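Observations on chain architecture
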Amino acid sequence: MKACLECGDKIVGREDKKFCSDGCRNAYNNKINKDCNNYMRNINNRLRRNYRILSELNSDGKTKTNKQKLLAKGFDFEYFTNILHTKTGNIYYFLYDQGYMSLENDNYMLVRKDL
């Protein structure tokens, strides 16, 4: 008899089962996938907040906003997931599929990548 990876109880059913119930499967996966420390959790929370702010302000896929509006909502310019350098020399900072590019006078172009 095989034992559940989460609770150790015996498993009844298919031969390749690893868990005795959906609850044990969920608990096991939540444990192994959780952020391993506060530093990682804080970074992921900042990335999530930045992403929500860009998504809220950029519902149409391309728009302009200013730095004050971003800062007022709590946007942190230190946290992004990647940088895109275009052939024309523009630099876009992305949070997953939501991005922004600095313009003149503290204005920003907000864009969304089509996935």
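A brief look at the structure comes next. (Residues numbered from 1 in each chain as written. Predicted model: local features only at pLDDT ≥ 70, side-chain atom pairs only at ≥ 80, totals over all residues. Heavy atoms only, no water.)

Topic: the overall build of the chain
When helices and strands are counted, the chain shows three helices and five strands. At 21 Å, the chain has a C-alpha radius of gyration far larger than the 13 Å of a compact globule built from 115 residues. Dimensions along the principal axes, computed over C-alpha positions, put the chain at roughly 70 × 30 × 25 Å. Considering the chain as a whole, with its 115 residues, one finds that 23% of them fall into the buried category. Restricting the contact set of the chain to residue pairs at least 6 apart, pairs at least 24 apart contribute 36%. A distance of 1 Å separates the average location of the 21 positive side-chain charges in the chain from that of its 14 negative side-chain charges. (Helix = DSSP H or I, 4+ residues; strand = E, 2+ residues; numbered from the N terminus. Rg over C-alpha atoms; globule rule 2.2 N^0.38 Å. Buried < 20%, exposed > 50% of the residue type's maximum accessible area, 1.4 Å probe, protein only. Contact = heavy atoms within 4.5 Å. Lys, Arg positive; Asp, Glu negative; His and termini not counted. Charge placed at Lys NZ, Arg CZ, Asp CG, Glu CD.)

Structural notes on the nonpolar core
Nonpolar side chains in soluble globular proteins tend to be buried together. Ranked by size, the top nonpolar core spans ten residues in total: Leu47, Ile53, Leu54, Leu57, Leu70, Phe75, Leu95, Tyr100, Tyr108 and Leu110. Of all the secondary-structure elements, those providing two or more residues to this core are α2 (38–57) and β5 (107–112). Counting residues per element, this core draws most heavily on α2, at four residues. Apart from residues lying up to four places away in sequence, leucine 70 is in contact with Ile53, Leu54, Leu57, Thr65, Phe75, Phe77 and Tyr108. The next biggest cluster of nonpolar side chains, apart from the first, holds five residues, and it includes Tyr92, Phe94, Met101 and Met109. (Core = buried A, V, L, I, M, F, W, Y, C linked by side-chain atoms within 4.5 Å.)

A few points about α2
An α-helical turn contains 3.6 residues, so a residue and the one three or four places further along point in the same direction. A rise of 1.5 Å per residue sets the reference length of α2, with its 20 residues, at 28 Å; its end C-alpha atoms lie 29 Å apart and thus fit the reference within 8%. Close packing links the buried residues of α2 with β1 (62–66), α3 (67–72), β3 (91–95), β4 (98–102) and β5. (Expected span 1.5 Å × (residues − 1).)

Section: the pairing of strand β2 (residues 82–85)
Examined bridge by bridge, β2 and β3 share four bridges and lie antiparallel to one another. In the sheet register, histidine 85 faces β3, and the bridge partner there is isoleucine 91. (Pairing = 2+ DSSP bridges.)

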